[in-house]
Structures are given as C-alpha cells and as structure tokens.
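As a plain string of letters, each chain reads:
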Amino acid sequence: MSKSWKRPLFAGVSALAVMLTALWLDPVIAGKVPQISPLTGIAGFFSLVGDGFVLFCLAAALYLAGYFLKKDSLRDAGKDGFISILVSGITVNVLKAAFERPRIGYGADAVLRLLEEPRLFDLSGRLSSLPSGHTAVSFALAFTLSRRYPSMRFFFYATAALVAASRVYLGAHYPSDVVAGAILGVLAGWLLLKRAESPQRLKAAALVLLIVFVSFFKNGGYLLFDVDEAVFSEASREMYVTGDVITPAYNNEPRYDKPILIYWLMDLSFKLFSVSESAARFTSAAFGSLLVFMTFLFIRRVKGWLPGVFSALSLLLCMEYFTYSHSAVTDMTLTFFISASVYSFYLAAHEEGRLWPILFWVSAALAVLTKGAIGLVFPVAISLLYLAASPAGLKRFRGLLRPGYILIFLLVSAPWYIAQLYINGWEFFNAFVVKHHLQRFSGVISSHGGPFYYYIGVLLVGFFPWVAFLPSAIYRGVKERLLGGSALYLLSSVWFLFVLAFFTVARTKLPNYILPLFPAASILSGLAVAELAEGNRDRRAGLYILVLISVVLGAAMFILPHMEIRMDVAFPGVFFYSLGLIFLCTAAFGLAAFKAPKASFAGISALALILLIFLRLHALPPVNAYLQKTLYVYSKYAARNLGKTDTLATYEINRPSIPFYAGRTIIKTEKGDSCSLTGRSKYGKMLVITEASKQEDVKGPHGLEVIDSRGGYVLLGTPGQWPPVDAPHAP
C-alpha cells in the first residue's frame, strides 16, 4: 500500500469506528441525560456558540480585524472560516433534507407525518436531525483556524467538542448526529484548504454529495410497499429478533426465494439504526451510492474525468435507479456486485496484476449470495461475449480460470448453500432452484408476464432522458468492435444487449429485473454525452431522439388532464402540467445542446434531478398512502391492543407489511381453509384484517364485529371493548 493512502485509510477507519460507536450509544443516551441546572446553562451557552449565525459573525470579525490591522493571516483565517461555515452549513441542510431523521421525541408515527406533509426542507427542524448543523459548522471552523494557528488547535477543537456535547446533553440530537456533523465539518475544512492544490477534489466532493442526496432522498418518509419490500423487511426483522442467520424466515416459516446476503445486510442495518423504513432501505441506498461512485471511478480511470462524470450522472439521475435505491429489495445490491465483477474483468483484461481477477471472482461470489445463479452467469457470459467479439479472443479468459481464483469464489459463495442443503435438503432445492430459477425463467410466476417489447417501455420511462443516446452508442460498440478505442463501447454494448435479451426471453417479467443493465446503459450514454460536450458533431443523433421523446411526453402530460381516465389516485391538473413543463424544458435544452452542449447537458441533468424530486414529493406520497396507509394503521392498532397470546389474522390477502408493522406472526387464512378462526378466538382476543368486499365471509361465520372500515379494507375483532382505531395513544 502506498504511503499516500495510509493516512486517509486510517482516518476513514477511525471515523467509521467512532460512527459505529455513536450508533450503538444512540438508544442508550439520546434523550435520557439527566438535566442538572448548572450544566444545562453551560450546555445552552455552548449550543449558542455553535449557532451558524454566531460563527459567521466571528469569522466576519476576524476578517475585519485583519483588514483594519493589515494582518493578512488574520484576514485569510476569517475568509477561510467564513467559506468553511457556509459550505458545511449548505451541505448539512442538503443532507438533512435527504436523510429526514426525526429528532428525539418525534419518532413515533413520524412516517405518517412525513407521508402526509412531504416537503423538500423541514423549516421546523423537528424532522431534520442528521447531521448536526451546530457541530458541523463548529468543527469546520475549528479545523480551518487550527491550520492557521496550530498552537491553539486544542482550544478550537475542545470548543467544537463542547458544542457537540451540548447538543446531545440538551436532547436536541442523537450521538450519531453530532459525530456525523463533526466528520462533515472536518472534511469541509480540509477540502477548502486543499482547493488550490487539487481543484478536482471539490468537484468530486460535490459529486459525492449529489450521489448521497439522490440515493437517500427521503427514503424513510413513506411506508413499505407490499409485497416485495415488505416481505424482505419482515424476513430481515425476524432474523433480527430470532438471531437465526442461516435460514431466513417470513411469518415464522422458511423463505427460500433469495439467498442470504440481503437478509444479513438488512439485519445489520436494523442492528445499527433500529427497525424502520429507512433502515430497511438503507442497504439499497448505500449500495446504490457505491455503484454510482464506482462507475465514476472506473470510467475516469479508463476514459477520463468528463466521461466519468456523465456516466455517473446518467446512472444516478434516472427513474429506475431512484426507484430501486429507495426499495428494500435485492436488485441494487445485486447490480453493484455484478457491475464490480464486470469492471474488474475489464481491468484484468487490459491491465496487469492479480488484484482484478480476485475482485472479479469475489464480486461474482457475493452476487451469487445475493440472488443466485445470475450472479455468476452474467459476469462470465458478458466477459466471454466481449472477448469473443474483440481482437483479444477467448484466450484472455484463461487467466481468470486459475484454480486459486475458482477456490476463492467457492470459499465465499458455497458455504451457505452447503449449509442450507444440509439443513433443509430437498425443500430448499425445490423452492430455490426449481421454482425461483427454472420456473421463473421458463414460466410466468405470480402473473408477472408481459409482451416481448415489455422492457423497451421500461427503458423509455426508467432511463429518461439518457435513453435517447443509447441507439447510436450501441451501434458504435457493435460496428467498431475491432477498434481499440471502442473497447469500452463494445463491453457496455455486450453487457446491455445480453441482459436485455436474457430477460426478454424469460417468461416472468418485472421492471426491476433489468436493473443490472443500467450501469452499462449509463456508460454508453455517458460516453456519448461526453463526446457531444467536447464538440463531436457525429454524435448528434441522440439529441434529435431526446427532443422527440421529450416533446411527446410533454404533450401527453398537457393532454392527460382533459381525458376521462379513471385513476385510483386522483392527481390535480397542475401535477400533469408541471411534469409537462419539465419535459418541454428538457426538449429546449436538447435543442440548445446543438450550440452549447456543456451548459445544456448541465441543464438537462438539473431537470432530471428536479423530475425525481418532484415525483418523490408529489406522486409517491398519495400512491403510497392509498396502497399502504390503512394497513399500517390497522397493524399498529393490533400491536397496541393485542397481547402475546392473542391472535392477528388476515383473510384472503397477502400483505407482508402487516406482520412487519404489527411486529408479530400472523395467521393467514383463505376461503375454505381448515384453520378455524372461531376456535382461535376462544384462547384470547383476535383481530382480522381483510378486504371490505370479503367482510361478510368472516364476520358472520366467526362471530366477529367490525371495528373499522376504510381504504378498501376492514378490521374485525372478537366481540368486546375495542378502542377506536384513531383514539389517541401513548407513543
């Protein structure tokens, strides 16, 4: 390891260790520190010292003192301090808007408040705890001043630490909030003082901030969607509760749909952040962030800075990425490991060294632990097809087949499968291999079918606006496959076409299945856009397609409100007009790109970001409330009013969000089921959730009474004194 990496690596590991310790302390300390009068006054003083306005005034005073006293060092300290406070303050508010963590005392049912009143920024401050703004600006200024006046660094850092401690003592923040703020403040100060040495560090930091903002943007402010999100979350919650890390279970029954890695990761997330929507989605958001940044680093290494930035932006700023970085499912994690494997293969094929082959097989093994056989099939098939179509030929693949590399793959991927076969035998093999591999490919599972052009529609919507640049980029990759300069185009084209063809042939179809081709699509579009931005006039075909698609979508949005289309969730006309305006502005920037490509693509990227934010704030909440709010309310009601020996049941519905939010195993009953609800009611209280249309099937035969009915569902219970569903309750 080079010396240049030792110090940052040590700092990163240390920061991670401190952050993990703070997360462990969150439930122990937060809001539980005894308030002693003298200490409360001292904490209040330091909290005031850490206020952004006070520190701005301090920095301004330093600058003015240096100006009037004609001391450049004092003036520069004030200027750098002012900039560090400004940058860290802006960054804090961006991250607060993204993470949307309720402050201490506001966590109970916060998801409903966030769902019913979505907003970009929480001006009240009650739902924006992470990271601590006071701590961030204090440490940013402390770092900046310490570099100017090293002899006083203990005083500066001690003051910043007391500001951080005051925020925890006063119950305004969790320990992890202030640790995150301290890390952020130090980073902001370091980057600003190093800006003259390496201006690209600031650009890279801005890119990282954008990646984190988009990937985590309000992913805890809405309820888990049935079925997939909720079933993964509930199975992980049960692993968290039972401690069984070998066989995942849903509703206390083994679940063999997917391998173990996603459950381990979500279980770890619950251990770190407690059981919540944001914790359930943390794995997808984290691996999504890593995927985008890894793609940037890979393309920057191979092609340069500008192609790397545009490849990262086209992956980050599209609907498919946003959807699955905000979903508690396997797909983003799988896509990360498949992409890591393919990137490692490409570097192994074009560079010397043993690191890349090892990373190829380790990444493939982790992909296999995430979703099974395709974790190996995709990287290997893409690698072989690329080599077969390139001048290098298939002989280059032999280097990856050394016994040591294969052994590494087996050591990582095989033990869990061996353990499952030993413990559960044919039951595991039949469910995991036969049903969820062979039958899912050859037949339609759960009515998830579609025509052969199904994924074309997914790409047009899910990869807008960057989809416009795919045809010409793929054409180049195929046409110029024998040219050395087109190797990356060829790899990405092979990757894209193989995954698309694979899932087009498969009988079961879902939008998330083709997520593994999106990194390839982003590279193709990123390379094409970078060439256009650099003045290559031969790549303009994509601009015509972009303008055409944007105009069609924009016109459709203006027409939709005037059509009599029945929708379960009614959106006002201004919603569609706003979308139409975004699409038409995209078309305008597409036209402007013929003359000023760089500025225009910056505008297109900004519009893509605005589109995602707009849909998250104005489209997702009403849809989520329509589908999930009633089930959430009924499940929480059951959690409050049922004892350990009581029964919560469902009738002819499959809604995994119910056991997740109720925090208990449920009895699932179907029409004609031999399980007698009447018999169970003799052993304690019972609640049943079903669709409103089926309430008579349950109410009469089992002597139940209707407690509440709303949102297409009905809550029934054994006769007795049940409080109203909306009655006030203790948090």
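To be clear, the structure that these remarks concern was listed above.
Residues numbered from 1 in each chain as written. Predicted model: local features only at pLDDT ≥ 70, side-chain atom pairs only at ≥ 80, totals over all residues. Heavy atoms only, no water.

Student: Quick rundown of the overall build of the chain? Include the residues and the values.
Tutor: In terms of regular secondary structure, the chain is built from 29 helices and seven strands. Taking 27 Å as the expected radius of gyration for a compact globule of 731 residues, we find that the chain reaches 28 Å, a close match to that expectation. Out of the 731 residues in the chain, the part that is buried amounts to 52%. Carbon and sulfur atoms make up 66% of the accessible area of the chain, which amounts to about 32,800 Å² in all. Of the side-chain charges in the chain, 65 are positive and 43 negative, and the distance between the mean point of each set is 11 Å. (Helix = DSSP H or I, 4+ residues; strand = E, 2+ residues; numbered from the N terminus. Rg over C-alpha atoms; globule rule 2.2 N^0.38 Å. Buried < 20%, exposed > 50% of the residue type's maximum accessible area, 1.4 Å probe, protein only. Areas by Shrake-Rupley, 256 points an atom, 1.4 Å probe, with all protein chains shown as cover. Lys, Arg positive; Asp, Glu negative; His and termini not counted. Charge placed at Lys NZ, Arg CZ, Asp CG, Glu CD.)

Student: So, the environment of Trp-305: which residues are in play, and what are the values?
Tutor: Structurally, the position occupied by Trp-305 is in helix H13 (residues 305-316). A C-alpha to C-alpha distance of 9.3 Å links Trp-305 and Gln-200, two positions 105 residues apart in sequence. Every residue in contact with Trp-305, bar those within four places of it in the chain, is listed here: Gln-200, Lys-203, Ala-204, Phe-296 and Arg-300. (Contact = heavy atoms within 4.5 Å.)

Student: Can you lay out H13 for me, pointing to particular residues and giving the numbers?
Tutor: The terminal C-alpha atoms of H13, which comprises 12 residues, lie 16 Å apart, in line with the 16 Å expected from a rise of 1.5 Å per residue. Most of H13 sits inside the fold, with 11 of its 12 residues counted as buried. Along H13, the residues that are buried comprise Trp-305, Pro-307, Gly-308, Val-309, Phe-310, Ser-311, Ala-312, Leu-313, Ser-314, Leu-315 and Leu-316. Looking at the buried positions of H13, the neighbouring elements they touch are helix H9 (199-216), helix H12 (277-302), helix H14 (319-325), helix H22 (518-533) and helix H25 (597-618). (Expected span 1.5 Å × (residues − 1).)

Student: Run through the packing of helix H21 (residues 487-505) against H22, naming residues and quoting values.
Tutor: Between H21 and H22, the shortest axis-to-axis distance is 8 Å and the interhelical angle comes to 145°. Crossing handedness for the pair H21 and H22: left-handed. Listed contacts from H22 to Leu-488, Tyr-489, Ser-492, Ser-493, Trp-495 and Phe-496 of H21 are Pro-519, Ala-520, Ala-521, Ile-523, Leu-524, Leu-527, Ala-528 and Glu-531. A per-class count over the contact of H21 with H22 returns 11 nonpolar, two polar and one charged. (Axes fitted to C-alpha atoms, helices over the stretch in contact; angles between N-to-C directions. Left-handed = near helix turned anticlockwise from the far one by under 90°. Nonpolar A, V, L, I, M, F, W, Y, C, P; charged D, E, K, R; others polar.)

Student: Got a sec to walk through the nonpolar core? Specific residues and values, please.
Tutor: Ranked by internal contacts, the top residues of the largest apolar core, which has 171 residues, are Phe-469, Phe-496, Phe-518, Phe-601 and Leu-648. Ranked by the residues each element gives to this core, the list is headed by helix H15 (residues 331-350), at 13 residues. Apart from residues no more than four positions distant in its own chain, Phe-496 is found in contact with Leu-459, Leu-470, Ile-474, Leu-517, Ala-520, Ala-521 and Leu-524. Among the nonpolar cores identified, the runner-up in size contains 17 residues, and Leu-55, Leu-62, Phe-139 and Val-168 belong to it. (Core = buried A, V, L, I, M, F, W, Y, C linked by side-chain atoms within 4.5 Å.)

Student: Hey, could you go over the pattern of salt bridges for me, with residue numbers and the actual values?
Tutor: A complete count under the given rule lists 19 salt bridges for this structure. Here Asp-26 ties to Arg-101 by a salt bridge, and the two come within 3.1 Å at their closest N and O atoms. Of this pair, Asp-26 sits in helix H1 (residues 3-29) while Arg-101 sits in the loop between helix H4 (72-99) and helix H5 (110-116), and the two are 75 residues apart along the sequence. Classification of Asp-26 as buried rests on a relative accessible area of 4%. Notably, a salt bridge pairs Lys-218 with Glu-100, separated by 3.0 Å at the nearest N-O pair. Highlighted residues: Lys-218 in the loop between H9 and helix H10 (228-242) and Glu-100 in the loop between H4 and H5, separated in sequence by 118 residues. A relative accessible area of 2% places Lys-218 in the buried class. (Salt bridge = Lys/Arg side-chain N within 4 Å of Asp/Glu carboxyl O.)

Student: Break down the packing of aromatic side chains for me, citing the residues and quoting the values.
Tutor: Each aromatic ring pair is characterised by the separation of its centres together with the angle its planes make. Counted by the stated rule, this structure contains 52 aromatic pairs. Ring centres 5.5 Å apart and planes at 55° place the aromatic pair Phe-287 and Phe-337 in the tilted group. One end of the pair, Phe-287, is in helix H12; the other, Phe-337, is in helix H15, and 50 residues separate them in sequence. Like Phe-337, Phe-287 is buried. (Phe/Tyr/Trp six-rings, centres within 6.5 Å; stacked < 30°, edge-to-face > 60°.)

Student: How would you sum up a nonpolar patch on the surface? Please name residues and give values.
Tutor: Residues Val-245, Ile-246, Trp-264, Tyr-422 and Ile-423 make up a contiguous nonpolar surface patch of about 510 Å² in total accessible area. With respect to the helices and strands, the residue Ile-423 is situated in helix H18 (residues 403-442). (Patch = residues over 30% accessible without salt bridge, like charges linked within 9 Å, V, L, I, M, F, W, Y side chains within 5 Å.)

Student: Break down the pairing of strand E6 (residues 705-710) for me, with residues and values.
Tutor: For E6 and strand E7 (residues 713-717), the ladder comprises five bridges, and the chain directions are antiparallel. In the sheet register, Arg-710 faces E7, and the bridge partner there is Tyr-713. Counting the residues in the hairpin turn of E6 and E7 gives two residues, including Gly-711, whose phi is positive at 55°. (Pairing = 2+ DSSP bridges.)

Student: Pulling in residues and values, what's your account of the environment of Lys-671?
Tutor: Mapping Lys-671 onto the fold places it in the loop between strand E4 (667-669) and helix H28 (677-681). Since its relative accessible area comes to 64%, Lys-671 is described here as exposed. If we ignore the near neighbours within four places in the chain, the residues touching Lys-671 are Tyr-651 and Glu-652.

Student: Describe in detail unusual backbone geometry, supporting the description with residues and values.
Tutor: In this structure, the amide linkage connecting Leu-130 to the following residue, Pro-131, adopts the cis form with an omega of -5°. Locating Pro-131 in the fold gives a position in the loop between H5 and helix H6 (133-148). Of note, the amide linkage connecting Asp-226 to Val-227 takes the cis form, showing an omega dihedral of 15°. Mapped onto the elements, Val-227 comes out in the loop between H9 and H10. One non-glycine residue, Glu-100, adopts positive backbone phi at about 50°.

Student: Pulling in residues and values, what's your account of the pairing of strand E5 (residues 686-691)?
Tutor: Counted residue by residue, E5 has five buried out of six residues, so it is predominantly covered. Bridge count for E5 against E7 is five bridges, and the pairing is antiparallel. Across the sheet, Leu-687 pairs through a bridge with Gly-717, a residue of E7.

Student: Explain the sheet that holds E5 to me, and be specific about the residues and the numbers.
Tutor: Taking strand neighbours across the sheet as the criterion, the five strands line up as E4-E3-E5-E7-E6 in an open arrangement whose pairing is mixed. Here the strands that pair on one side only, and so sit at the sheet edges, are E4 and E6. Direction aside, the axes of adjacent strands within the sheet are offset by 20° on average. Looking at chain direction, strand E3 (residues 647-651) and E4 are connected through three bridges and run parallel. Each residue of the ladder has a partner; that of Ala-649, found in E4, is Ile-667.

Student: How would you explain the environment of Arg-113 if you had to name every residue and give the values?
Tutor: Assignment of secondary structure puts Arg-113 in helix H5. In this structure, the C-alpha to C-alpha distance between Arg-113 and Gly-554, residues 441 residues apart in sequence, is 32 Å. In contact with Arg-113, not counting residues within four places along its chain, are Tyr-106, Ala-108 and Leu-127. For Arg-113, the side chain forms a polar contact with the main-chain oxygen of Tyr-106, separated by 2.6 Å. (Polar contact = N/O pair within 3.5 Å; in protein donor to acceptor, adjacent residues only side chain to side chain.)

Student: Before we move on, can you summarise the side chain of Thr-333 with the specific residues and values?
Tutor: Within the secondary structure layout, Thr-333 lies in helix H15. Here Thr-333 is in contact with Ile-262, Leu-265, Thr-283, Phe-287 and Thr-370, once residues within four sequence places are set aside.

Student: Describe H21, listing the residues and the values that go with them.
Tutor: Taking 1.5 Å of rise per residue, 19 residues should cover 27 Å, and H21 covers 27 Å from first to last C-alpha, within 8% of that figure. The element H21 is largely enclosed, with a buried count of 14 among its 19 residues.

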